[in-house]
There are 2 protein chains.
Amino acid sequence: MDDFVFYSPTRFVFGRGTETQTGSLCAGYGAHKVLIVSGQGSAERSGLLAVVRGSLRGAGLEICELSGVEPNPGDVLMRRGIELCRGEGADFVLAVGGGSAIDTAKGIAAGARYGGDVWDFYCKKAAVTEALPVGVVLTIAASGSEGSDCSVITRKEGHLKRSVHSDLLKPRFAVMDPQLTCGLPAWQTACGAADIMSHVLERYFTNTKDTELTDRLCEAVLLTIKNEAPKALADPDDYGARANIMWAGMLAHNNTVGAGRSQDWNSHKLAHELSTLYGSTHGATLAVILPAWMEYAIDRDPLPFARLAVRVWGIPADGRSGADDGNADPAGRSCGLPADRTALRDLGLRGIAAFKDFLASLGLPTSFSDLGAKAEDIPRLVAMTGVAQAPKPGFFTLDAQAAEAI
Amino acid sequence: MDDFVFYSPTRFVFGRGTETQTGSLCAGYGAHKVLIVSGQGSAERSGLLAVVRGSLRGAGLEICELSGVEPNPGDVLMRRGIELCRGEGADFVLAVGGGSAIDTAKGIAAGARYGGDVWDFYCKKAAVTEALPVGVVLTIAASGSEGSDCSVITRKEGHLKRSVHSDLLKPRFAVMDPQLTCGLPAWQTACGAADIMSHVLERYFTNTKDTELTDRLCEAVLLTIKNEAPKALADPDDYGARANIMWAGMLAHNNTVGAGRSQDWNSHKLAHELSTLYGSTHGATLAVILPAWMEYAIDRDPLPFARLAVRVWGIPADGRSGADDGNADPAGRSCGLPADRTALRDLGLRGIAAFKDFLASLGLPTSFSDLGAKAEDIPRLVAMTGVAQAPKPGFFTLDAQAAEAI
């Protein structure tokens, strides 16, 4: 296990009707004037924003608002939010929405306290040393941004999708009412499930040894999505399924399942470029890129792919039972798994096929062409990743050749 | 899933040599004079206390010290710590040790800021509204107190072992260097493993529905202890095993695996009374009481016991494969599990037997007589629990009859 610091100070207030606590939570963290950041009107139409405004006013807080955040959120609206924040003297930024609203709110919180250009944080010219406090009322289970230290923003100029990480961007609180996700359309539910699984899988494939506990935790979250997402699609109002998915989305990305292991975020990187070029939904893009990345990566080391096939996808190992009995031989190989590489690879490929079938069963795209991607764009996409100049380390090193093959 | 608040603000600094960061961590949380609380000399002999003192002085901090904390820590030393803290003007309490040192440090931190008798917190006469900040340098993986809101102290007068819970008692930071646990004697390692498993199992058996995710997380931690504890016993210097166990110990008790589910802490309650009466080690007491509790509780609902048998102990379900394929039928019963109650019960009992075999393989006691407990003390033990007057709710209601039977 690698050395690590785990720090997740967010207060998660989870359950039915918790959005009515928003005002007292903001006040408890010292807010006087709250900037509400929201999306394209669904929170207004559902009545959620009215509840949140009422709760804030009931706690004696002033309000200003920024709405219209789009999927794959951009820098233009974020900059407008920073100006609004300064002009109004807001001292707390509250996201009401999903990952796009939260990531925009985080960028505003950092930018409002920074003398330079906010994009400096995203292109790594500057580190965040100060930020306004951020709170969240979550409406979609997907991004995990409610518990993460990360904001991902697309710069309109130059089609650049980039991220910033800082402990200062971790929300002070996140209100998580699964009822707010009941009735979400099937497409958004499915994209959210793919996003959550990707956050786990990008932690799962590691070169770190002795990761028994976090392996198991990753598998726990994957099994949960495997079992609960179909329930939420079959009955959009299934509270239990929505609750499990919502909490899984947070755990998938506050690093509970990734502490102490090297991680590989290159498939997310590739997905960002595809989303930027084709405007495809983040979760749908991941549904296409992840299996492709896995089919390429399995030749680096088939063991974790075989383990995943057995433990999560229930594929019988080596003609024996489908059970992983939880034991491991001294080399760390799970008992029940075959010993030779070819058999491990075959098992792993069957797991990847099961994963693709699962994603397809959720109604997600399974091929690059489904995203509108064209073969002739591949050189341009590879160029956008910049891996030709700077190959990216990970489970395997992503260079131009690998990116092209994927 | 039940509504819940999850809040775990502790900064966990995990890995090799992290104890050298203790000074800068204390200083970062505003300390000027630190009260070091430690046990019966092992941290002095190992040189750890010298390292910690050096780190604190290097950060410009003053030091005062309280040593001699015993297992099942008592109120007398805690009260002495409170006086010392006040007399010296310490503004930060640092535990260097395991659960006993941490729980004593937490009690001192709360008591130092309280005008009344510190026992008021433990007998629920008063709630903690203020406390000095607490930090931890952990030397044993067991109690999970490094990430919990809880302090358990035994009052000498009247043989009372009682607990207090407060967000204010959550440590600001916990330094967790698995190397400090390498070389721990087999007995302490085994008792720690039993304590960690008990913290999970007391969350596992629940009457809450729709707990797929936390079921899986509980099983992940149990599988980890099942696989890693024997490695640590076979090779006390196995860093990977020690690291997995240490991090599992934290996750088992900061409520990561218990969020949103009703819990049953009655077996811990019974264990406290046994430890108080016979002075038995907490983990060893749990190794005896837990299986006994389970054998009684299985008649309340055999399903979770059968699920545990299959998923954690690898017992084949219903003559089929030992695999749990991760699916569940609409009634929430795991596929692969038998449908009738008698078969579920049989399966569950085989799981409990496997658990007992596992505990025995770690060298732990398996019967009440191993603890020195006598049949004629049963009425006295039952009377100490107070359940005759106030039966305790849980997975099943613990009344005098149930306590006696267990």
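Please read all numbers here as calculations on a predicted model, not as lab measurements.

With that settled, consider the packing of helix 8 (residues 212-234) of chain A against helix 9 (residues 239-251) of chain B. Axis separation between helix 8 of chain A and helix 9 of chain B bottoms out at 8 Å; the angle between their running directions is 45°. Taken together, the axis directions place helix 8 of chain A and helix 9 of chain B in an arrangement best described as oblique. Contacts between helix 8 of chain A and helix 9 of chain B pair Glu212, Leu213 and Leu217 of chain A from the former with Asn244, Trp247, Ala248 and Leu251 of chain B from the latter. Within the contact of helix 8 of chain A with helix 9 of chain B, the residues separate by chemical class into five nonpolar, one polar and one charged.

Here we come to the relation of the copies chain B and chain A. In screw terms, the move from chain B to chain A is a rotation of 180° and a rise of 0.0 Å along the axis, fitting with an RMSD of 0.0 Å. Taken together, the rotation and translation relating the two chain copies correspond to the operation of a two-fold axis. Both copies contact each other with a shared surface, as 100% of the interface residues of chain B are interface residues in chain A too.

With that out of the way, let us pick up the packing of aromatic side chains. Within this structure, the stated rule accounts for 40 aromatic pairs over all chains. For the ring pair Phe92 of chain A and Phe173 of chain A, a centre distance of 5.9 Å and an interplane angle of 15° mean the geometry is stacked. In this pair, Phe92 of chain A sits in strand 4 (residues 92-97) while Phe173 of chain A sits in strand 8 (residues 173-176), placing the two residues 81 residues apart along the sequence. The exposure class of Phe173 of chain A is buried, given its relative accessible area of 0%. Between Trp313 of chain B and Phe358 of chain B, the ring centres sit 5.5 Å apart and the planes meet at 50°, which makes this aromatic pair tilted.

Quick look at helix 7 (residues 186-204) of chain A now. Counted at 1.5 Å a residue, the expected span for helix 7 of chain A with its 19 residues is 27 Å, and the 27 Å between its end C-alpha atoms agrees. Most of helix 7 of chain A sits out of view: 16 of its 19 residues are buried.

Residues and elements named next belong to chain B. Most of strand 4 (residues 92-97) sits inside the fold, with six of its six residues counted as buried. Burial along strand 4 is two-sided: the face carrying Phe92, Leu94 and Val96 and the face carrying Val93, Ala95 and Gly97 are both buried. Sheet topology note: the strand 2 (residues 33-38)/strand 4 ladder contains five bridges and is parallel. Considered in strand 4, the bridge of Val37 is made with Ala95.

What follows deals with the interface of chain B and chain A. Taken together, the contacts link 44 residues of chain B with 44 residues of chain A. Summing both partners gives a buried area of about 4,100 Å² for chain B against chain A, and 58% of it is carried by carbon and sulfur. For chain B, the biggest contributors to the area lost against chain A are Met1, Leu213 and Trp247 of chain B; these three give 15% of the whole. For the interface between chain B and chain A, the tally reads four salt bridges. The closest approach of N and O atoms between Arg11 of chain B and Asp167 of chain A, which form a salt bridge, is 3.4 Å. At the level of secondary structure, the elements contributing two or more residues to the side of chain B that touches chain A comprise strand 1 (4-14), helix 8 (212-234) and helix 9 of chain B. Its residues assigned to classes, the side of chain B that touches chain A shows 21 nonpolar, 13 polar and 10 charged. Strand direction decides the pairing type here: strand 1 (residues 4-14) of chain A and strand 1 of chain B, joined by nine bridges, are antiparallel. Within the sheet, the bridge partner assigned to Phe14 of chain A lies in strand 1 of chain B and is Phe4 of chain B.

Caution is warranted with low-pLDDT regions, since their predicted coordinates should not be read in detail. Residue and element names in this part refer to chain A. Looking at chain A, pLDDT values average 93 and 95% of them are 70 or higher. Taken together, the stretch residues 319-334 has pLDDT below 50 and engages in 38 contacts with residues farther than four places along the chain or on a different chain. Here the predicted complex carries an ipTM of 0.94, next to a pTM of 0.95.

Overall, mixed pairing links the 12 strands, which are arranged 3(A)-2(A)-4(A)-5(A)-8(A)-1(A)-1(B)-8(B)-5(B)-4(B)-2(B)-3(B) in an open sheet. Edge positions in the sheet fall to strand 3 (62-66) of chain A together with strand 3 (62-66) of chain B, since each of these pairs with one other strand and no more. In this sheet, adjacent strand axes meet at a mean angle of 25° when their direction is disregarded. As paired strands, strand 4 of chain B and strand 5 (residues 134-138) of chain B are joined by five bridges and run parallel to one another. Pairing of Val93 of chain B across the sheet is with Val134 of chain B, part of strand 5 of chain B. Running at roughly 170° to strand 4 of chain B, helix 5 (residues 99-111) of chain B makes contact with strand 2, strand 3, strand 4 and strand 5 of chain B of the sheet.

Parameters at a glance
Residues numbered from 1 in each chain as written. Chains lettered and ligands numbered in written order. Predicted model: local features only at pLDDT ≥ 70, side-chain atom pairs only at ≥ 80, totals over all residues. Heavy atoms only, no water. Axes fitted to C-alpha atoms, helices over the stretch in contact; angles between N-to-C directions. Helix = DSSP H or I, 4+ residues; strand = E, 2+ residues; numbered from the N terminus. Parallel < 35°, antiparallel > 145°, perpendicular 65-115°, else oblique. Contact = heavy atoms within 4.5 Å. Nonpolar A, V, L, I, M, F, W, Y, C, P; charged D, E, K, R; others polar. Least-squares fit on C-alpha atoms with pLDDT ≥ 70 in both. Phe/Tyr/Trp six-rings, centres within 6.5 Å; stacked < 30°, edge-to-face > 60°. Buried < 20%, exposed > 50% of the residue type's maximum accessible area, 1.4 Å probe, protein only. Expected span 1.5 Å × (residues − 1). Pairing = 2+ DSSP bridges. Buried area = accessible area lost by both parts, 1.4 Å probe. Salt bridge = Lys/Arg side-chain N within 4 Å of Asp/Glu carboxyl O. pLDDT = per-residue confidence, 0-100.

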